[in-house]
Structures are given as structure tokens and as C-alpha cells.
Amino acid sequence: MTTKTVHVAVYNTLADWEVGAATAHIANGAWHREPGTFEVRTVGLTADPITTIGRMRITPDMALADLDPADSAMLILPGAELWDGDDLNAFAHKATQFVEAGVPVAGICGATFGLAKEGLLDDRAHTSNVAEYLAYSGYAGAQHYVEAPAVTDRDVITADSMSPFEFAREIFARLDLYEPHVLEAWYALFAQRDPAGYAVLAGYEATT
């Protein structure tokens, strides 16, 4: 069984809540279509520790310069205050390398600004916190903006900062992580607090 690696970018002021639902359940294989096939690794601009907006310290598993799309199943870009400047341009450039290699990229909140500035949203349906926010990037894709919590178009996933569970759902679907009915149950339980979702997940776990 081959283990696939999902890489999560980490940098100062990272918005902790935006990717936790995704990373926790990518790493936990209890309900996966193929348990044990996915792992999560963190990627920093360098290997130096970073501090999230919640003041958590994270030491990256690797530096961005060492990340090759061929070794990854997906690159996840969390939001951060630094996206509005040029500090994280290298991650946006790496996202282009991923997309050109046919490897998906998922960006939420401020990361959508970086993807827009990079030109990756010029011809793709996408979303963000508000349309006006992306307009400041100077991108050419405003006509493709969608008022939705999360959107997938080909190899690019985007989401607003208020929708970590919708973001995770799009990620799981793109990775083919769960059977469709299991994905629906996961979302029902964690995003909608529907106990019926737990029954489905518990039943699935019992048979795998």
C-alpha cells in the first residue's frame, strides 16, 4: 500500500481554525476508503518554527524549496495575515507548479488572495471571503467568483474563512478519501451536528 502525502503550508499568523478539520481527518484513517494511505506533512518557507495566530508554535517538517509536486497528493494553503503582502509569494508560485503538474491545491481565506494574484483564479470558478477582497489583487477572474462557502474547479479549491468544514469536504472529495455516503455522513455530523451522521460513520468503521 502506497502512502500519499498531503502537504500543509505553515507560516506566521496562520489561521489555526481554517485547516484543522481537514488535517485531522486526513491523518485519521478510521473512515477512509483505504485506511493508512494518507499522511500530513507541514511545509515552511524554511525549517524554522512559526507561530500561528493562536500563538501555537509549529516546526515545519520540511522547507518549501524541497517540496516537489511529484511527491505530493495536494498542497493546502491556510489563511494568514501575511497573504495581503508579498511575504508568501513563494507559496503562490509553488501552487502554480502544483497545478501545472496536475496536483491539486486548496486555499482558504487569505490564501485565495495569493492564488488570485498568481493568476490561478483567472479562468476558474472560485470563492473567498468577499469578492471585493480578491479585486484588490488585480486579478482577471472576477466574473468567475461564486458566492459559496467552498468551490472546486479542476485542480484548485477555494473557501472563505468561515467555512472550515466545507473546505475540508471539498478536500476530501478531491482526494477521494471517503466513499460518497461516508463523506455526506462526516459533513452531517461535524458541520451540521446531525447525529444520524455518527451512526453511518460508526457502522462504516465497524465493517472495515
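Below: a short report on this structure.

**Brief notes about the pattern of salt bridges**
Now for step 1: For the coordinates displayed, the defined rule picks out seven salt bridges.
Now for step 2: A salt bridge links Asp-86 to Lys-117; the shortest N-O distance between them is 3.4 Å. Of the two residues, Asp-86 sits in the loop between β6 (74–77) and α2 (89–100) while Lys-117 sits in helix α3 (residues 110–117), which places them 31 residues apart along the sequence.
Now for step 3: Taking relative accessible area as the criterion, Asp-86 reaches 58% and is therefore assigned exposed.

**Some details on unusual backbone geometry**
A negative phi angle characterises most non-glycine residues, just as the trans form characterises most peptide bonds.
Now for step 1: Backbone geometry places Cys-109, a non-glycine residue, at a positive phi of 55°.
Now for step 2: The topology assignment puts Cys-109 in the loop between β7 (105–108) and α3.
Now for step 3: Its relative accessible area of 15% is what places Cys-109 among the buried residues.
Now for step 4: In the Ramachandran plot, Arg-193 falls in the positive-phi region, its phi being about 55° despite a non-glycine side chain.
Now for step 5: Take Arg-193: it is sitting in the loop between α6 (180–190) and α7 (195–207).
Now for step 6: Taking relative accessible area as the criterion, Arg-193 reaches 74% and is therefore assigned exposed.

**Re the packing of aromatic side chains**
Now for step 1: Using the criterion set out here, one finds eight aromatic pairs in the structure.
Now for step 2: For the pair Trp-186 and Phe-190, a centre-to-centre distance of 5.5 Å together with 35° between the ring planes defines the contact as tilted. Here Trp-186 and its partner Phe-190 are both found in helix α6, four residues apart, which amounts to about one turn of the helix.
Now for step 3: Judged by relative accessible area, which is 0%, Trp-186 ranks as buried.
Now for step 4: A connected cluster of aromatic rings, assembled from ring pairs, spans Trp-31, Phe-165, Phe-172, Tyr-178, Trp-186 and Phe-190.

**Observations regarding the packing of α6 against α7**
Now for step 1: Where α6 contacts α7, the two axes come as close as 7 Å, and the packing angle between them is 135°. In terms of their interaxial angle, α6 and α7 are classed as oblique. Taken as a pair, α6 and α7 cross one another with a handedness that is left-handed. Residue-level inspection shows His-181, Val-182, Ala-185, Trp-186, Ala-188, Leu-189 and Phe-190 of α6 in contact with α7, the latter providing Gly-197, Tyr-198, Val-200, Leu-201 and Tyr-204.
Now for step 2: Along the lines of polarity and charge, the residues of the contact of α6 with α7 split into ten nonpolar, two polar and no charged.

**Topic: the packing of helix α5 (residues 164–175) against α6**
Now for step 1: Interhelical geometry of α5 versus α6 gives an angle of 170° and a closest axis separation of 11 Å. In terms of orientation, α5 and α6 fall into the roughly antiparallel class. Crossing geometry of α5 relative to α6 is assigned as right-handed. Between α5 and α6, the contacting residues are Phe-165, Glu-166, Ala-168, Arg-169, Phe-172 and Ala-173 on the first element and Leu-183, Trp-186, Tyr-187 and Phe-190 on the second.
Now for step 2: Counted by class, the contact of α5 with α6 contains eight nonpolar, no polar and two charged residues.

Calculation criteria
- Residues numbered from 1 in each chain as written.
- Predicted model: local features only at pLDDT ≥ 70, side-chain atom pairs only at ≥ 80, totals over all residues.
- Heavy atoms only, no water.
- Salt bridge = Lys/Arg side-chain N within 4 Å of Asp/Glu carboxyl O.
- Helix = DSSP H or I, 4+ residues; strand = E, 2+ residues; numbered from the N terminus.
- Buried < 20%, exposed > 50% of the residue type's maximum accessible area, 1.4 Å probe, protein only.
- Phe/Tyr/Trp six-rings, centres within 6.5 Å; stacked < 30°, edge-to-face > 60°.
- Axes fitted to C-alpha atoms, helices over the stretch in contact; angles between N-to-C directions.
- Parallel < 35°, antiparallel > 145°, perpendicular 65-115°, else oblique.
- Left-handed = near helix turned anticlockwise from the far one by under 90°.
- Contact = heavy atoms within 4.5 Å.
- Nonpolar A, V, L, I, M, F, W, Y, C, P; charged D, E, K, R; others polar.

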